[in-house]
Amino acid sequence: MNDHKKVIIAEIVSAIAIILVGSLFHFLYEWTECTFIGIFSPVNESQWEHIKIMFYPVILVSIIEYFFVRYDVNNFVFAKAMSVLVFIGTTYLLIFLYECIFGEGEMVLHVVTYIIGAFVGQLVSYFLLKSPKRSKCKNLIGYYIFLFLFLVITLFTFRPLQCDFFKDSTTGYYGIPPKS
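Residues numbered from 1 in each chain as written. Predicted model: local features only at pLDDT ≥ 70, side-chain atom pairs only at ≥ 80, totals over all residues. Heavy atoms only, no water.

(A) Quick look at the overall build of the protein. The helix and strand inventory of the protein stands at 5 helices and 0 strands. Starting at the N terminus and ending at the C terminus, the protein contains elements arranged as α-α-α-α-α. For the protein, the C-alpha radius of gyration of 17 Å lies close to 16 Å, the compact-globule estimate for 180 residues. The C-alpha extent of the protein, read off along each of the three principal axes, is 55 × 35 × 25 Å. Counting only residues that meet the buried cut, the protein has 44% of its 180 residues in that class. Across the protein, contacts joining residues at least 24 apart in sequence account for 73% of those joining residues at least 6 apart. Here the protein has roughly 10300 Å² of accessible surface; of this, 72% comes from carbon and sulfur atoms. Across the protein, the centroid of the 13 positively charged side chains sits 17 Å from that of the 13 negatively charged ones. (Helix = DSSP H or I, 4+ residues; strand = E, 2+ residues; numbered from the N terminus. Rg over C-alpha atoms; globule rule 2.2 N^0.38 Å. Buried < 20%, exposed > 50% of the residue type's maximum accessible area, 1.4 Å probe, protein only. Contact = heavy atoms within 4.5 Å. Areas by Shrake-Rupley, 256 points an atom, 1.4 Å probe, with all protein chains shown as cover. Lys, Arg positive; Asp, Glu negative; His and termini not counted. Charge placed at Lys NZ, Arg CZ, Asp CG, Glu CD.)

(B) Local environment of the packing of aromatic side chains. All chains considered together, the criterion is met by 16 aromatic pairs. Ring centres of F36 and F40 lie 5.3 Å apart, and the angle between their planes is 70°; this geometry places the pair in the edge-to-face category. Judged by centre distance (5.2 Å) and plane angle (65°), the ring pair of Y66 and F76 falls under edge-to-face. Of the two residues, Y66 sits in helix α2 (residues 52-69) while F76 sits in helix α3 (residues 76-102), which places them 10 residues apart along the sequence. (Phe/Tyr/Trp six-rings, centres within 6.5 Å; stacked < 30°, edge-to-face > 60°.)

(C) Representation of unusual backbone geometry. Despite not being glycine, E33 has its phi angle at roughly 50°, a positive value. We classify E33 as partly exposed; its relative accessible area is 41%. Positive phi is not limited to glycine here, since N75 has a value of about 55°. Among the structural elements, N75 can be located in the loop between α2 and α3.

(D) Here's a closer look at a nonpolar patch on the surface. Together, I8, I12, I16, L20, M107, V111, I115 and F119 make up an exposed nonpolar region whose accessible area comes to about 720 Å². Elements with a minimum of two residues in the nonpolar patch: α1 (3-32) and α4 (107-129). Checked against the element boundaries, I12 lands in helix α1. Its relative accessible area of 42% is what places I12 among the partly exposed residues. (Patch = residues over 30% accessible without salt bridge, like charges linked within 9 Å, V, L, I, M, F, W, Y side chains within 5 Å. Salt bridge = Lys/Arg side-chain N within 4 Å of Asp/Glu carboxyl O.)

(E) Focus on the packing of α1 against α2. Between α1 and α2, the least distance of the axes is 8 Å, while the angle of their chain directions is 145°. Crossing hand, α1 versus α2: right-handed. Between α1 and α2, the residues in contact are K6, A10, E11, S14, A17, I18, V21, G22, F25 and H26 and I53, Y56, P57, V58, L60, V61, E65, F68 and V69, respectively. (Axes fitted to C-alpha atoms, helices over the stretch in contact; angles between N-to-C directions. Left-handed = near helix turned anticlockwise from the far one by under 90°.)

(F) The pattern of salt bridges, seen in detail. One pass over the structure, following the stated rule, counts 4 salt bridges. The partner of K80 in a salt bridge is E11, and the shortest N-O contact between them spans 2.9 Å. Placement of K80 in helix α3 and of E11 in helix α1 is noted, with a sequence separation of 69 residues between them. When its relative accessible area of 1% is taken as the criterion, K80 is described as buried. Three or more residues joined by partner-sharing salt bridges are found here, namely E11, E65 and K80.

In C-alpha cells, the structure reads:
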C-alpha cells in the first residue's frame, strides 16, 4: 500500500476512533464520580468541560496511530497538536455560528459538530503529516501545545473561571459538582 493511502486510512480510522472514545469519555465521570477520571472526562455540562472529549481522545488515538504510520509521516506531534486545536476550533465555531443564526442548538447539533470537527481535525493532520521535511522545532511546539492544554484543562477542572463558558448548563455549578 502506498504511503499516502496508508496515512489517509489511518486518519479516517482515527477520526472514527476519536468520536467513539470521546463518546465514552463523555459519560465516564458521571458513571464513576471519580475525581481522577474528572481530569479526562467532563465533570459537568459546561462548554469548557467538553473540550476534554476532544483533547484526550485525540491523544489516546494518536498514540496508537503513531505505531502504524511513524515511518510514513513527518512532524507527527505537531500535526496532532494542530489537529486537536482545529477540532476544538471547528466544533465551537460551528456551534457558535448555528446558535447566532438560529438560537439555542439541540444536542444533535452538538453531536454533528463534534463529528465534523473530528474529521476536519484529522484532515488537517493528514496534510501536516505529509510535509516533505521533518522539523524538530515543529514537534517541540506540538509538545508544548499538548502540555499547555493538559495543564489548563486540569487547572480549570478544579478551579473553573466564573463565567458562562465554565458554567454547567443544567445545574448552574462550576467545575466538579457537589456529591449528592
